[in-house]
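Chain residues, written in single-letter form:
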Amino acid sequence: MIENMLFSLGTALPIFLVMCSGYFMRQKEIIDGDFVKKANHMVFYVALPIKLFCDVSGASFQEYFDIGFILFITVVTVGGAILSWILGNTIIQKPDQIGAFAQGAFRGNFLYIGFSLMENILGHIAIKGPLAVAIIVPVYNIMSVIILSYAGKDRTKKIHLKKTLSDIAKNPLIVAITAGIIMSLIPVQVPVVAERTMEYFAVIATPLALIAIGASFNISHTLENLPIALIASAIKLVALPLLSVISALFFGYRGEDIILIYVLTGVPTATVSFIMAAAMNADKELASDIIMVSTLLSIVTMTSFVFAFRSTGII
């Protein structure tokens, strides 16, 4: 039991400590808001796409393509979004908070925090991980646009589906994954110089992203929205992953697939939910607070889930 607990702490705690280092470096003015902004851009547009391209291009597309798994994670994601939206309409009084609450309760930071946790548990990203990204990133964006359009202040605002699909197609993560799939299907070897250069960028993706997340924390204005943020965090960190993992076990998924499903549903709220909320007239302060609270609480929930997986022999 002690060994399992130490293993669990060893997977989740380092992620939290790196985020904390970002927060304290910001407080000590070692880094500033401009650094955080540029770091986020570097991770999103350069380092993470390169990392995903390397992971996808180095694997056999036929090996990890699983239509059943695709359908499962799609249903789980859409179902989580709808459930969060219904609960938001039930318990939230202010219209502009419903969209921010719902998005914060279902949209997880699996690319930065989730994949970091997965690497700590498995030693690598699950073979179906990049495939999951290719599916879930578009689903997240579509569901967020729909929810924020109908739940925000401006309920007459139309959903620009064409623009949304265009933005998804131009998303650097989707572009990188698509390029990686094509590379994995054709008999062409990436030159050694290019491969080693990309490896340098891939290595910095995770720590730089975690530092930027920690440096973005703003504890001072979180107390006002704390009760709502706690409810959204409980849905995001406990309810949705618990339902998803139990359902996955029922359908026969085991091992690496279970870890990936947990990562897709049980990590803290994605920072991009703040950007989406601000852009679509939802309560951006509440969106920020949910990110903050869910990230802080995730050290407990992620450790607990990993401990349960370890104790039951799932990993």
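- For the chain, an unreviewed UniProt entry supplies the name AEC family transporter and the organism Tindallia magadiensis.
- Within the UniProt record for the chain, the comment given under Sequence similarities (unreviewed entry) is "Belongs to the auxin efflux carrier (TC 2.A.69) family."
- We quote the UniProt Subcellular location (unreviewed entry) comment for the chain here in full: "Cell membrane".

### A few points about the nonpolar core
At step 1: Ranked by size, the top nonpolar core spans 83 residues in total, and within it Ile-73, Phe-110, Leu-111, Phe-115, Met-118, Val-133 and Phe-309 carry the most contacts.
At step 2: The biggest single contributor to this core is helix H14 (residues 284–311), with 10 residues.
At step 3: The residues touching Val-133, leaving out its near neighbours within four places in the chain, are Leu-52, Phe-110, Leu-111, Phe-115, Pro-138, Ile-174 and Ile-177.
At step 4: Within the second largest apolar cluster, 5 residues are counted, among which are Ile-50, Phe-53, Ala-176 and Met-198.

### What to know about the side chain of Arg-107
At step 1: Along the chain, the position of Arg-107 falls in the loop between helix H5 (95–106) and helix H6 (110–122).
At step 2: The class for Arg-107 is buried, based on a relative accessible area of 5%.

### A word on the packing of helix H4 (residues 67–91) against H5
At step 1: Here H4 crosses H5 at 145 degrees, and the two axes come no closer than 8 Å. Crossing geometry of H4 relative to H5 is assigned as right-handed. Along its contact with H4, which presents Thr-77, Gly-80, Ala-81, Ser-84, Trp-85, Leu-87, Gly-88, Asn-89 and Ile-91, the element H5 presents Ile-98, Phe-101, Ala-102, Ala-105 and Phe-106.

### Comments concerning the UniProt feature "transmembrane region" (unreviewed entry) in the chain
At step 1: As recorded in UniProt, the sites labelled "transmembrane region" (unreviewed entry) are residues 6–24, 67–88, 133–152, 173–194, 200–219, 226–253, 259–278 and 290–309.
At step 2: Secondary structure content for residues 200–219 is 80% helix and 0% strand, while the C-alpha to C-alpha distance between its ends is 33 Å.

### Considerations on the packing of aromatic side chains
At step 1: For the structure shown, the criterion picks out 10 aromatic pairs.
At step 2: A ring pair is formed by Phe-72 and Tyr-253, whose centres lie 5.4 Å apart and whose planes are at 55 degrees; its orientation type is tilted. Taken together, the residues Phe-72 in helix H4 and Tyr-253 in the loop between helix H11 (226–250) and helix H12 (256–266) connect sequence positions 181 residues apart.
At step 3: With relative accessibility at 13%, the residue Tyr-253 sits in the buried group.
At step 4: Pairing Phe-305 with Phe-309 gives two aromatic rings, centres 6.1 Å apart and planes at 50 degrees, and the pair type is tilted. Taken together, the residues span about one helical turn, with Phe-305 and Phe-309 both in helix H14 at a distance of 4 residues. As far as burial versus exposure is concerned, Phe-305 and Phe-309 are alike and both buried.

Criteria and cut-off values
Think of each chain on its own: its residues are numbered from 1, step by step along the sequence as written. Note on the predicted model: pLDDT of at least 70 is required for a residue's local features to be given, and 80 or more for side-chain atom pairs to be given and counted; whole-chain, interface and lining totals, by contrast, use all residues. Calculated side-chain values reflect all of the structure's heavy atoms, with hydrogen atoms and water omitted. UniProt positions are given in the numbering used here, feature names are shortened, and annotations may be inferred rather than shown by experiment. What we call a nonpolar core is a set of buried Ala, Val, Leu, Ile, Met, Phe, Trp, Tyr and Cys residues that are connected through their side-chain atoms within 4.5 Å. Summary of the burial criterion: residues with accessible area below 20% of their type's maximum are buried, those above 50% are exposed, and those between are partly exposed, where the area comes from a 1.4 Å probe applied to protein chains only. Counting from the N terminus, the helices are DSSP H or I runs at least four residues long and the strands are E runs at least two residues long. Between two residues, a contact is recorded if the distance between any of their heavy atoms is within 4.5 Å. Axis definition: a line fitted to C-alpha atoms, limited for helices to the stretch in contact. Angles are taken between N-to-C directions and run from 0 to 180 degrees. A clockwise turn of the near helix away from the far one marks a right-handed crossing, whereas an anticlockwise turn of less than a right angle marks a left-handed crossing. Two aromatic rings, drawn from Phe, Tyr or Trp (for Trp, its six-membered ring), form a pair once their centres lie within 6.5 Å of each other, and the interplanar angle then sorts them: stacked below 30 degrees, edge-to-face above 60, tilted otherwise.

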